[in-house]
Amino acid sequence: MHELRSIVLEFIRQIRKLDFESEADIKLLYEKAKDIELQIGGADYSGNSAIADRLFEVTEKLDNKVPDIMIVRIPKFRAVTSGAMAYDELFGTFQLWQETHNDYYWIERWAQLRQIELMAYPEKFPIHDVYQTICSQEELTRGFQELHEIFMQCYADILNDPRGMLLPVYAMSEYDYFSKEARASREDSYKYAKIFYVLGYTGELDQAGELLIQAGKLKAQCKSLKITNIHAFLNVLSNYGIVTEGLVNGKIKSGTTITVSFPDNKNMIAALHILAVKAARTDRFKDFCRLNYKLLEGDWSTAEYGRGVDAVAVLFHSEQDRATARLIHAELIKRNYYYNFQDWNEGPQIRYYKKESDRNRNTKASFWLTSMDTEFIFYFRIKQMDGVLPYIQKCPESVIKNFMVSDAGCANRTSGTCASGISYRLGGRTIWRCGCCNPNFQVTPSVDDYLYYIDAVDMAGNKKQ
């Protein structure tokens, strides 16, 4: 499943980069699709046959419900427009249908990010000996895999039915990005991860593979994490096979002990307990939310992974992107850049500064290395293009192409008050790059071209036009 996910995600990333006006890119798309067909069709399956059978069953059901999709290339042809016909005249009631299906909720947007942030894991990964006093490496691996499936399904259910998951819905068309409703939805996207977290580290694991949780302790921890009506969410968890016993009239009563179990696989509860306790002791809550298998590498109080550039690169789904990020980080350190870590709503980032004083004031960053919804985006700022244009014109075509992209600019350009945007001519075109909110260039570099962007910034210097 994880190999398939990786293949499909990589294919999607490559499609995004294609120029569909280019015949060469269209041909490349067909070649990539053929490669993936051969890669998937020719692979032998050696995993759990029960899981594979389940996958085939689900695929067959989806195939019956969803029409086939085929990519076709339409040859050039002559066509006419509808002239002065209005949209409603041409498409009838389609616009009304579109408007009734137009709402997208903030909770769906953020739950989707939580889902793709779940980390893929290898078939075998290291588990510290200290945890193997609880269960064997094989048992803990199976428990981890089961927990991962539950997390994945939980986020999918939030996407499909947020109300059924007891989460408030706020339409993106009604509430803007900075509204309190949008902020609340971002926080609510962690709701079920928080519930699993608090159950895992407040409970004591018994010999039967069940969590024994003191009601008072659970209530206190829920309060600290702003989880209300925990009993209602525990009821939702029963849909995933998680059994809660000890509730009084469906609610948690002080002075009682609650038992949480998973009869289908008691090792899932052991994995939940170990991951939650380890994350709590090492302050790695987001690693728990992403089910980072590396939590199991060190002992209860040791987490050495995910430092430096890996704090960002670990979220990238492509090994090439991770390798490029590491090379960029090493190169900028070699060039004596200072850096700090930031955390956007869309993901973590590292910012690089020429001066230590700028780093300390968090201003004038020359580069941002970011995970934008788990996609690798490298931002950089150039304030004066005149001195660097001759160099750019000699760069590989893939690099020049990124400097040929123009944007519309923000409201500051429209009002004539923009002080951060730049304009230049390249390839016979006038290019505008806005730089008010973010650095004015954004690319997804590769191991072959990342140095050209760094050199361009250093060559341009920091003086304004």
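Look above for the structure.
Residues numbered from 1 in each chain as written. Predicted model: local features only at pLDDT ≥ 70, side-chain atom pairs only at ≥ 80, totals over all residues. Heavy atoms only, no water.

## Topic: the side chain of Asp-188
Note the following rule: What counts as a helix is a DSSP run of H or I of at least four residues, what counts as a strand is a run of E of at least two, and both are numbered from the N terminus. Throughout, a contact is declared for two residues whenever any of their heavy atoms are within 4.5 Å.
Here Asp-188 lies in helix H8 (residues 180–188). Dropping the residues within four chain positions of it, Asp-188 is found in contact with Ile-107, Leu-167 and Pro-168.

## What to know about the packing of helix H15 (residues 319–334) against helix H20 (residues 450–460)
For clarity, the threshold we go by: Angles here are taken between N-to-C directions and fall from 0 to 180 degrees, while the axes themselves are lines fitted to C-alpha atoms, restricted in helices to the stretch in contact. The labels follow the angle: roughly parallel below 35 degrees, roughly antiparallel above 145, roughly perpendicular from 65 to 115, and oblique for the rest. By definition, turning the near helix anticlockwise from the far helix through less than a right angle yields a left-handed crossing, and turning it clockwise yields a right-handed one. In this count, Pro and Cys sit with the nonpolar residues alongside Ala, Val, Leu, Ile, Met, Phe, Trp and Tyr, while Asp, Glu, Lys and Arg are called charged and the others, Gly among them, polar.
Look at H15 against H20: their axes get within 10 Å of each other, and the N-to-C directions meet at 30 degrees. When the axis of H15 is compared with that of H20, the two are roughly parallel. Handedness of the crossing formed by H15 with H20: right-handed. In contact with Thr-324, Leu-327, Ile-328, Glu-331 and Leu-332 of H15, H20 contributes Tyr-450, Leu-451 and Ile-454. Of the residues in the contact of H15 with H20, the class split is 6 nonpolar, 1 polar and 1 charged.

## Some words on the pattern of salt bridges
So the rule is basically this: Salt bridge, as used here, is a side-chain nitrogen of Lys or Arg placed within 4 Å of a carboxyl oxygen of Asp or Glu. Here the term buried applies to any residue with accessible area under 20% of the maximum for its type, exposed to any over 50%, and partly exposed to those in between, with areas from a 1.4 Å probe on protein chains only.
If you walk through the whole model with that rule in mind, you get 19 salt bridges. With a closest N to O distance of 3.5 Å, Arg-307 and Glu-304 form a salt bridge. Judged by its relative accessible area of 51%, Arg-307 falls in the exposed class. We classify Glu-304 as exposed; its relative accessible area is 56%.

## What to know about the sheet that holds strand E6 (residues 347–353)
Heads up, the rule is: The pairing criterion for strands is at least two bridges between them, as found by DSSP.
Spatially, the 5 strands line up as an open sheet ordered E5-E6-E7-E8-E11, and their pairing is antiparallel. Each having just a single partner strand, strand E5 (338–344) and strand E11 (441–443) make up the two edges of the open sheet. Between one strand axis and the next, the sheet turns by 20 degrees as a mean value, whatever way the strands run. Note that E6 and strand E7 (residues 367–372) share 4 bridges and pair antiparallel. When the bridges of E7 are listed, Arg-351 appears paired with Trp-368. Contacts from H15 reach E5, E6, E7 and strand E8 (375–380), with the element oriented near 30 degrees to E8.

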